[in-house]
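This is what each chain is made of:
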Amino acid sequence: MARVSIRIPTPLRPFVDGRSSVDVEAETARGALARLTESNERLRAQLFDDDGELRNFVNVYVGTNNLRDLPDDPALEEGTELSIIPSIAGGRTSEVIEMTGGGAEAERAGLTTDELRRYSRHLLIPEVGLEGQERLKGARVLLVGAGGLGSPLALYLTAAGVGKIGIVDHDVVDFTNLQRQILHDTSSVGTSKLESARARLHAINPNVDVETFETRLDSGNALEILQGWDVVADGSDNFPTRYLVNDAAVLLGVPTVYGAIFRFEGQVSVFGAEDGPCYRCLFREPPPAELAPSCADAGVFGVLPGIVGTIQATETIKLILGQGRPLIGRILLIDALQMQFRELSIHSDPSCPVCGESPTITELIDYEEFCGVNVDRGGSADGVPEMEVTQLQRWLDEGRDFQLIDVREPYEWQICNLEPQGARLTPLGVFPTVVGELDPAIPMVVYCRSGARSANAVEKLREAGFDAINLKGGILAWAEEVDESMPTY
Amino acid sequence: MSVTRTQLEIGSKICADLLASVAQGYPGEACGILLGRIEGDRRVVEGFRPAPNRWSEREDRYLVDPESLRRALAAEEAGGARVLGFYHSHPDAPPLPSETDRELAWPWYYYVIIRVAVGKPEETRAWELDVDTGRFEERPIRYT
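Definitions and cut-offs
- Residues numbered from 1 in each chain as written.
- Chains lettered and ligands numbered in written order.
- Predicted model: local features only at pLDDT ≥ 70, side-chain atom pairs only at ≥ 80, totals over all residues.
- Heavy atoms only, no water.
- Domains from an automatic or database assignment.
- Salt bridge = Lys/Arg side-chain N within 4 Å of Asp/Glu carboxyl O.
- Helix = DSSP H or I, 4+ residues; strand = E, 2+ residues; numbered from the N terminus.
- Buried < 20%, exposed > 50% of the residue type's maximum accessible area, 1.4 Å probe, protein only.
- Contact = heavy atoms within 4.5 Å.
- Buried area = accessible area lost by both parts, 1.4 Å probe.
- Polar contact = N/O pair within 3.5 Å; in protein donor to acceptor, adjacent residues only side chain to side chain.
- Nonpolar A, V, L, I, M, F, W, Y, C, P; charged D, E, K, R; others polar.
- Pairing = 2+ DSSP bridges.
- Axes fitted to C-alpha atoms, helices over the stretch in contact; angles between N-to-C directions.
- Parallel < 35°, antiparallel > 145°, perpendicular 65-115°, else oblique.
- Left-handed = near helix turned anticlockwise from the far one by under 90°.

Colleague: Explain the domain arrangement of chain A here, please?
Modeller: Interfaces are often sized by the accessible area lost when the parts come together. Taken domain by domain, chain A consists of domain 1 (2-86), domain 2 (139-370) and domain 3 (386-481). On a C-alpha basis, the centroid separation for the pair domain 2 of chain A and domain 3 of chain A is 35 Å.

Structure, rendered in structure tokens:
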């Protein structure tokens, strides 16, 4: 028997009461290791595998010689020093990491080395990690609209590595969009929003597959377009589309991340998730069309869709990851002017016509009619007389006796108006109080921005006995056809 | 509850030398030993020793030459610099521990990974194996 000492590396010292070396009596090197670990199961598991072989990542040195290079089990002399030397190894993974299992909503897809690098800050978060990032890559998200809400949605979902993004839109980029629709830029004015979006998204992340649907979403195509996506993010700006998206997504069983904006106020929720309410549970019927102005009619604070759309993107990613508490059964109300976020609980309605216990809506309906909207928003209400701007010009030239009424809001009046032509500002809201000042005997021409609000006003004025005529196309038509120097909005 | 996290400290001169040394190994994986002292929660790097990469079969693996490590540990035992951990490069890959790194990792030591992109050292991060979870935890690096 020889008395030898075994040097213990720092990581193994917790197994030997913190000592840096342990003395044992043994005849051979393997005998010494056996003595060291005979009453120390945990240490033995560190050094030997189940077959009693020294583990690959452990080297044992006898003096300055690696035990692996020595005859089978060398005899030891008194005072020999044995050292346990960790084997330090590793390496990057150059292959694509294999797909492992499927996700709740989305399939997981393997990541390339480039993607591991790109998403490294996500990979570090336990809630995302490799599994979550693979889930994102396997996910398919459809965006309805490439406008104010669609912009941050598309940008962040693309940057985050959602594998496939579909976008439905039929508009071209308008100069007035640029104040908030950050997916597009000045150079893309006049071009298709989808072309502009595709180029921008590809520049951000070429790994993302962008599929575009250049069409107006309607009852005839919605089920086909919405089919097969994991999540639908609704960035539409009107009620008919909102109800259409809700109903189609409920019928297909796809959750919808809803967002809506009005001036400084926004709403976000997740509808149509399993056991969660849908849009119709909350809003059974749309508001009257005249109370549902579009951004073009009502204006919108440019940053607001950025806030709301970014929250929608957050909820979309959470649904894909299956992490956190999504906005299911809750609606977030945002007031950017007061900078207040409020939350209301919403519940599934058992009598909901689309997701309730006995649904009455089992296929898509006519949503324009349901929302009481004229397809041609620039046109007139049914049976309302209207005139072209050129005819108005003639009336003015001829010096006819008529009243010219502007039913827009004061801030719109400030941008442009027909005051030199004798127009009088009478916003819709103050109509009841000033209507008595108007002379029913003199014809009146009524205008707004595009002719929609004024058509409703004309209808009511005629019911009240006035000889009212709507100006077709509103002041925008005047600016286009009569006075090109007039600023528009 | 405050969590005490240990950190790695490295001087700018040593760090620059380390990065230059690692970049020389590109496109292969360079590796070596981090030496220094321990002060409370801080591990202060005072030097490093490049080690031959003994994993010769593949370019995307490393194995620190056992003899180099034996000498470093013997010197530590004799009162020399502490072996604080190890470094290796990830050529054209993020400085995140790979599955291989994790499987072969030892507790307590710091594993510093340096991303070398097209021959240029770009990003350095430090990791320590958490024995309870079997996962790597990141350790902050303080450049002094």
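Don't stop here, the text continues.
Colleague: For this particular structure, what's the right way to read the pattern of salt bridges?
Modeller: Across all of its chains, the model carries 39 salt bridges over all chains by this definition. Its salt-bridge partner being K137 of chain A, residue E115 of chain A comes within 2.9 Å of it at the nearest N-O pair. Highlighted residues: E115 of chain A in helix α3 (residues 113-118) and K137 of chain A in helix α5 (residues 129-138), separated in sequence by 22 residues. Taking relative accessible area as the criterion, K137 of chain A reaches 25% and is therefore assigned partly exposed. A single network of salt bridges, built from pairs that share partners, joins R121 of chain A together with R115, E122, E123, R125 and E138 of chain B.

Colleague: So what exactly am I meant to see when it comes to the interface of chain A and chain B here?
Modeller: Contacts between the two partners involve 31 residues from chain A, matched on the other side by 41 residues from chain B. With both chains or domains summed, chain A and chain B bury close to 3100 Å², and 59% of this area falls on carbon and sulfur atoms. The largest per-residue losses of area from chain A upon contact with chain B belong to I88, R92 and R117 of chain A, which jointly make up 26% of the total buried on that side. Linking E77 of chain B and R13 of chain A is a salt bridge whose minimum nitrogen-to-oxygen distance equals 3.6 Å. In this assembly, chain A and chain B are joined by eight residue pairs in polar contact (both at pLDDT 80 or more). Where the side of chain A that touches chain B is concerned, the elements lending two or more residues are β3 (58-62), β5 (81-86), β6 (89-90), α3 and α4 (120-123) of chain A. Its residues assigned to classes, the side of chain A that touches chain B comprises 13 nonpolar, twelve polar and six charged. The pairing of β6 of chain A with strand β4 (residues 62-63) of chain B spans two bridges and is antiparallel. Residue pairing across strands places A89 of chain A opposite L63 of chain B, the latter belonging to β4 of chain B.

Colleague: Would you take a moment to explain the packing of helix α6 (residues 150-160) of chain A against helix α7 (residues 193-204) of chain A for this structure?
Modeller: Geometry of a packed helix pair, given as the angle between the helix axes and the separation of the axes. Residue and element names in this part refer to chain A. Packing of α6 against α7 leaves a shortest axis separation of 9 Å and a crossing angle of 30°. In this view, α6 runs roughly parallel relative to α7, as classed from their interaxial angle. The crossing of α6 and α7 is right-handed. Residues A154, L155, T158 and A159 of α6 form the contact with α7, whose own contacting residues are R200, L201 and I204.

Colleague: I would appreciate a short explanation of the sheet that holds strand β10 (residues 231-234) of chain A in the present structure.
Modeller: Note: strands within a sheet are paired through backbone hydrogen bonds, in either parallel or antiparallel orientation. Residue and element names in this part refer to chain A. Spatial strand order, β9-β8-β7-β10-β11-β12-β13-β14: eight strands in an open sheet with mixed pairing. Looking at which strands have only one partner, the edges of the open sheet turn out to be β9 (209-213) and β14 (340-345). Within the sheet, the average angular offset between the axes of one strand and its neighbour, ignoring direction, is 15°. Here five bridges tie strand β7 (residues 140-144) to strand β8 (residues 164-168), and the two strands are oriented parallel to one another. Paired with L142 across the two strands is G166, which belongs to β8. Strands in contact with α6 are β7, β8 and β10; relative to β7, the strand with the most contacts, it is inclined by about 165°. Relative to the sheet, α7 contacts β8 and β9, its axis offset from that of β9 by approximately 175°.

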